[in-house]
Amino acid sequence: EQVNRVGRATRSIMSLVCAAVISPRNAPVHVQTFGELVGDDDESADHAVQRTLHCSLDAVEDLLGRIDRSSIASASGGSGAAVATTGRGPKDPYLGPVFQTEDHQVYAWVTNTRARLLLVYEDRIGSEPNAETVRAAFKAMQDAYADAVSDPFATKEGRIESTRFARRVAALATGTHG
């Protein structure tokens, strides 16, 4: 929380508390948390973030199902513009905010291989991160993900154990990814 010249609290920017990569088969490939986490009284903060991630995946799957159904319906109706979106994923990989709790806001990005990248921001006083900032973070995360899975020693759909990947993802929390 920041204090202005008159001593009143002003809106703080949301801080990144978790970045996750989920495989197309819903297996967690990489989950990394940053800073102090906020959780409910009766559960640990780590479990609160995990629960938020699970709920977010349900919201992402629902959204992707609607996108796929509308794309197919539009394509069969003869719309030439809709043909570009009839692939396995949405035309724009950025899905935007997909889930919100009292403490967190979750944004999603879907790769062309249907892996889901999730960024969980702590909602301090109702402020939202700039959409372009979130997009830039996702682009940096997707680049790091592509490099990690392109490693000849990486296992297909296995956990990403690369320290280089973890450092690149950690840079998202400090804003030094760009």
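Data block above holds the structure.
Caption draft 1: Examining the packing of aromatic side chains more closely. Inspection of every chain in the model, using the stated rule, returns three aromatic pairs. Here a set of aromatic residues connected by ring pairs shows up, and it is made of Tyr94, Trp109 and Phe138.

Caption draft 2: View of the sheet that holds strand S4 (residues 28-33). The sheet built from five strands is open, its strands ordered S4-S3-S7-S6-S5 with antiparallel pairing. The open sheet has two free edges, formed respectively by S4 and strand S5 (94-100), since each of these has just one partner strand. For this sheet, the mean angle separating the axes of adjacent strands, direction not counted, is 20°. Both S5 and strand S6 (residues 104-110) contribute to a ladder of five bridges, which runs antiparallel. In the strand pairing of S6, Gly96 is matched with Ala108. Sitting on the sheet, helix H2 (residues 131-149) is in contact with strand S3 (15-22), S5, S6 and strand S7 (116-122), with an inclination near 135° to S7. The sheet strands contacting helix H3 (residues 163-174) are S3, S4 and S7, and the helix crosses S4 at an angle near 45°.

Caption draft 3: Quick peek at unusual backbone geometry. The phi dihedral of Asn26 is positive, around 70°, even though this residue is not glycine. Of note, Asn26 is situated in the loop between S3 and S4. In the Ramachandran plot, Arg114 falls in the positive-phi region, its phi being about 75° despite a non-glycine side chain. For Arg114, a relative accessible area of 15% gives the class buried.

Caption draft 4: Just H3, in detail. Its twelve residues place the ends of H3 17 Å apart at the C-alpha level, agreeing with the 16 Å of an ideal helix rising 1.5 Å per residue. Lining the buried residues of H3 we find S3, S4, S7 and H2. One or two steps after H3, the chain reaches Gly175, where phi turns positive at roughly 80°.

Caption draft 5: A look at the nonpolar core. Residues Val21, Leu119, Tyr121, Phe138, Met141, Phe165 and Leu172 are the most contacted members of the largest nonpolar core, which totals 24 residues. Counting only elements with at least two residues in this core, the list comes to S3, S6, S7, H2 and H3. Sorting elements by how many residues they give to this core places H2 first, with eight residues. If we ignore the near neighbours within four places in the chain, the residues touching Phe165 are Val21, His30, Met141, Ala144, Tyr145, Ala148 and Ile160. Residues Ile22, Leu95, Val106 and Val120 belong to the second largest nonpolar core, which totals 16 residues.

Caption draft 6: View of the side chain of Ser56. Summarising the element assignment, Ser56 is placed in helix H1 (residues 45-76). Taking relative accessible area as the criterion, Ser56 reaches 0% and is therefore assigned buried. In this structure Ser56 touches Val98, Phe99, Val106 and Leu118, once residues within four positions along its chain are discounted.

Caption draft 7: Local environment of the pattern of salt bridges. Inspection of the entire model under this criterion finds four salt bridges. For Arg168, the salt bridge goes to Asp147, with nearest N and O atoms at 2.6 Å. Separated by 21 residues along the polypeptide, Arg168 in helix H3 and Asp147 in helix H2 bring together distant segments of the chain. Relative accessible area serves as the criterion here: at 26%, Arg168 is assigned to the partly exposed category. Note on Asp147: relative accessible area 42%, which makes it partly exposed.

Caption draft 8: Structural context of the pairing of S6. In terms of burial, S6 is largely enclosed, as seven of its seven residues are buried. The alternating pattern of S6 places His104, Val106, Ala108 and Val110 and Gln105, Tyr107 and Trp109 on opposite faces, both of which are buried. Joining the antiparallel neighbours S5 and S6 is a turn of three residues. Pairing geometry for S6 and S7, over seven bridges, is antiparallel. For Val106, the partnering residue across the bridge sits in S7 and is Val120.

How each quantity is defined
Residues numbered from 1 in each chain as written. Predicted model: local features only at pLDDT ≥ 70, side-chain atom pairs only at ≥ 80, totals over all residues. Heavy atoms only, no water. Phe/Tyr/Trp six-rings, centres within 6.5 Å; stacked < 30°, edge-to-face > 60°. Pairing = 2+ DSSP bridges. Helix = DSSP H or I, 4+ residues; strand = E, 2+ residues; numbered from the N terminus. Axes fitted to C-alpha atoms, helices over the stretch in contact; angles between N-to-C directions. Contact = heavy atoms within 4.5 Å. Buried < 20%, exposed > 50% of the residue type's maximum accessible area, 1.4 Å probe, protein only. Expected span 1.5 Å × (residues − 1). Core = buried A, V, L, I, M, F, W, Y, C linked by side-chain atoms within 4.5 Å. Salt bridge = Lys/Arg side-chain N within 4 Å of Asp/Glu carboxyl O.

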